[in-house]
Amino acid sequence: MRIGTKRGMGGFYIYLNLLLYISLILSSASSNDLQVLLKLKSSLIRPKASGLEDWEFSSSPSAHCQFSGVKCDEDFRVVALNVSFAPLFGAISPEIGLLNKLLNLTIVSVNLTGRIPTEMRNLTSLKIFNISNNAFSGSFPGEILTGMAQLEILDAYNNNLTGLLPTEVANLKNLKHLSFGGNYFTGEIPEKYSDIQSLEYLGLNANGLTGKIPGFLGRLKNLKRLFLGYFNAFHGGIPPELGSLTQLEILDMASCNLTGEIPESLGNLKYLQQLFLQQNYLTGRIPSLLSGLVSLKTLDLSINELTGEIPERFSALQNITLINLFQNKLHGSIPSYVSDFPHLKVLQLWRNSFTGGLPENLGCNGKLCRLDVSSNHLTGLIPLDLCKGGALEDLILMGNFFFGPLPEELGNCKSLFKIRVTKNQLNGTIPPGIFNLPSLSLVELDSNFFSGELPPEMSAASIDQLKFSNNRISGEIPRAIRNLRSLQVLELERNKLSGEFPVEIFDIKVLSKINISDNNITGEIPPSISRCTSLTSIDFSKNSLSGEFTSWKV
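Conventions and cut-offs
- Throughout, a residue's number is its position along its own chain's written sequence, starting from 1.
- At least 70 in pLDDT is required for a residue's local features to be given in this predicted model, at least 80 for side-chain atom pairs to be given and counted, and no such filter applies to totals for whole chains, interfaces and linings, which use all residues.
- Note: side-chain values were computed over all heavy atoms of the structure, leaving out hydrogens and water.
- Paired strands, as defined in this entry, are two strands with at least two bridges between them according to DSSP.
- Under the DSSP-based scheme used, a helix requires at least four consecutive residues in state H or I and a strand at least two consecutive residues in state E, with every element numbered from the N terminus.
- Cavities and pockets are found on a 1 Å grid laid over the protein atoms alone: a cavity is a set of points where a 1.4 Å probe fits but cannot escape, a pocket is an open set with protein on both sides within 12 Å along at least five of seven lines, and a lining residue has an atom within 4 Å of such a point.
- Grid points are joined across faces, edges and corners, and a volume is the space filled by probe spheres set on the points.
- Ten residue types, Ala, Val, Leu, Ile, Met, Phe, Trp, Tyr, Cys and Pro, are classed as nonpolar, four, Asp, Glu, Lys and Arg, as charged, and the remainder, Gly among them, as polar.
- Note on terminology: pairs of cysteine sulfur atoms within 2.5 Å are recorded as disulfides.
- Categorising residues by exposure relies on relative accessible area from a 1.4 Å probe, with only protein chains included: less than 20% of the type maximum marks a residue as buried, more than 50% marks it as exposed, and the intermediate range marks it as partly exposed.
- The contact criterion used throughout is that any non-hydrogen atoms of two residues lie within 4.5 Å.
- Pairs of N or O atoms within 3.5 Å make up the polar contacts considered here, provided that, within protein, one atom can donate a hydrogen while the other can accept it, and that residues adjacent in sequence are counted only when both atoms are side-chain atoms.
- Residues enter patches when their relative accessible area tops 30% and they take part in no salt bridge; the joining distance is 9 Å for like charges and 5 Å for the nonpolar side chains Val, Leu, Ile, Met, Phe, Trp and Tyr.
- The accessible surface values rely on the Shrake-Rupley method and a 1.4 Å probe; as for residues, cover is taken only from the protein chains in view.
- Salt bridge, as used here: a side-chain nitrogen of Lys or Arg that lies within 4 Å of a carboxyl oxygen of Asp or Glu.
- His is not counted here, nor are the chain ends, while Lys and Arg score as positive and Asp and Glu score as negative.
- Here the site of a charge means NZ on Lys, CZ on Arg, CG on Asp, or CD on Glu.

The subject of this paragraph is the sheet that holds strand 5 (residues 137–139). An order of 5-7-9-11 is seen for the four strands of this open sheet, with the pairing classed as parallel. Edge positions in the open sheet fall to strand 5 and strand 11 (208–209), since each of these has one partner strand only. Here strand 5 runs beside strand 7 (residues 160–164); their pairing, made up of three bridges, is parallel. Paired with Gly138 across the two strands is Leu161, which belongs to strand 7.

Okay, the layout of surface pockets next. Roughly 160 Å³ of volume is contained in the largest pocket. Surrounding the largest pocket, Leu358, Glu360, Leu381, Ile382, Pro383, Leu384, Asp385, Pro405 and Pro407 form its lining. Taken together, the residues of the lining of the largest pocket sort by class into seven nonpolar, no polar and two charged.

We now examine the state of the cysteines. This model, assessed by the stated rule, comprises two disulfides. Between the sulfur atoms of Cys65 and its disulfide partner Cys72 the distance amounts to 2.2 Å. Residues Cys65 and Cys72 are joined through a disulfide that is left-handed, its torsion about the S-S bond being -100°. For Cys72, a relative accessible area of 22% gives the class partly exposed.

Summarising the element assignment, Asn130 is placed in strand 4 (residues 128–130). Accessibility expressed as a relative area gives 14% for Asn130, which makes it buried. Not counting the four nearest positions on each side in its chain, Asn130 is found in contact with Leu105, Thr106, Ile107, Val108 and Asp155.

The next subject is empty space enclosed by the protein. Under the definition given, this model contains one cavity of 30 Å³ or more. Within this model, the largest cavity holds a volume of roughly 70 Å³.

Our next topic: the side chain of Asn304. Topologically, Asn304 is positioned in the loop between strand 17 (298–300) and strand 18 (305–308). A polar contact is formed between the side chain of Asn304 and the backbone nitrogen of Asn280, at a distance of 3.2 Å. A distance of 3.1 Å separates a polar side-chain atom of Asn304 from the backbone oxygen of Ser302. In this structure Asn304 touches Leu277, Gln278, Gln279, Asn280, Tyr281, Leu282, Gln327 and Asn328, once residues within four positions along its chain are discounted.

This brings us to the environment of Glu457. Its location among the elements puts Glu457 in the loop between strand 30 (449–453) and strand 31 (465–467). For the pair Glu457 and Thr124, spaced 333 residues apart in sequence, the C-alpha to C-alpha distance is 72 Å. If we skip the residues at most four places from it in the chain, Glu457 touches Phe435, Asn436 and Ala480.

Now for a negative patch on the surface. On the surface, Glu453, Glu476, Glu500 and Glu524 cluster together to form a negatively charged patch. With respect to the secondary-structure elements, Glu476 resides in the loop between strand 32 (472–475) and strand 33 (489–491).

Here it is in structure tokens:
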């Protein structure tokens, strides 16, 4: 019995010693994590910077787990480090490699500089690696990725990284999100990137990449978002193979030197919500098969060299909210079905050769907020319901052949910010309500056939520019114009205005330009003009005014 008891007690002591040994190891490891974090703090924060104030030494083995942005496991090992949106201005020290239990390393928008430490290759448990919106420089050390088999997110967006894109990324079989956009990478897109079959997000935009956009990207069958545009200088066109990315939701290849025609195969992308191809050199017609993009919300094909008409089959795009086709070589009429799009907010077709009129029911969906069809050959009446839902902000119709009145309904459109209808054939009186709209900033009605008098009541305190020159407006300039206290530019030249010039206008402290030339204004030049010290340009010529500007000071 005694022998058995001794053996039992011996086993118990061995067990206790083992527990003590494990406890010491864990305590030592967690203590090391504390020391590493304090080392990191000293490198992350430059002199005169601020942040991480609660990262202070403590004898408690778990104190570092309470640091801001730090999470630990049950053994007090750091598993997540999220330091973001603070003005640190430092760098990442090599000690980061000692936090070998890290699952999440997120250091975003803290103005870090220097190179990415190669010691990060020891972070073999990492799943999230996000250093976006900093100023890291040098090449991306691809060797740090060789042991990160669990990595799911790699985001280095908007830094100062240079050199070639790292090919080691292709070995990350669990990677879902890869963003190297907003850097200075050069060279071509590596073919190995087509091996990352788990990829759902690929952002290589805003770099200095060259070569062709490779067709092998069409092998990434799980891809949902693809960003290749801006500052890249690819040659050639859009590879038809991208039509195989049937899960794609966003395709952005804007401003990256593309040529050729838009491939019809893109019409296969039935889940695509946003298509950005603007600011390239694309030619040919808009493929009618793009009507297959039944989920599309945003279509931007602006600033290209596209020809032909808007396809009739586009009536199928019932989810569309934005259509940008401006600055192309398109012609024909604006299809009437455009007014039937239930969610349309933005329609910008300026600087093309469209003819005919605007769809009669445009705006009836109650959501239209921006309409710009300037510099075309459009004619007809301005639709009455453009602001039916009270959302219209910008109405830009310059340089066409619209006729008839400016709809009275616009005088009740409190959301309006800009009205620009210069160089048309509009007539009738200006709706008086326009001068009382709370958000209106710019009103350009120059070079039309507007007549009648300006209204006696004006209260639109946000208007900073009124441009009514070259019309047939008569009567006096209302004294209520003094209520337009944000007014900077007043252009009323070449009208039929009469009466005396209202001295109250010089109470507007920000007024910088007045032109009332070529009217029938009478009386003396008001002495109160000297009060308006912000004035830089005055033209009272071709009227019947008397007096001098002797006391006027700029």
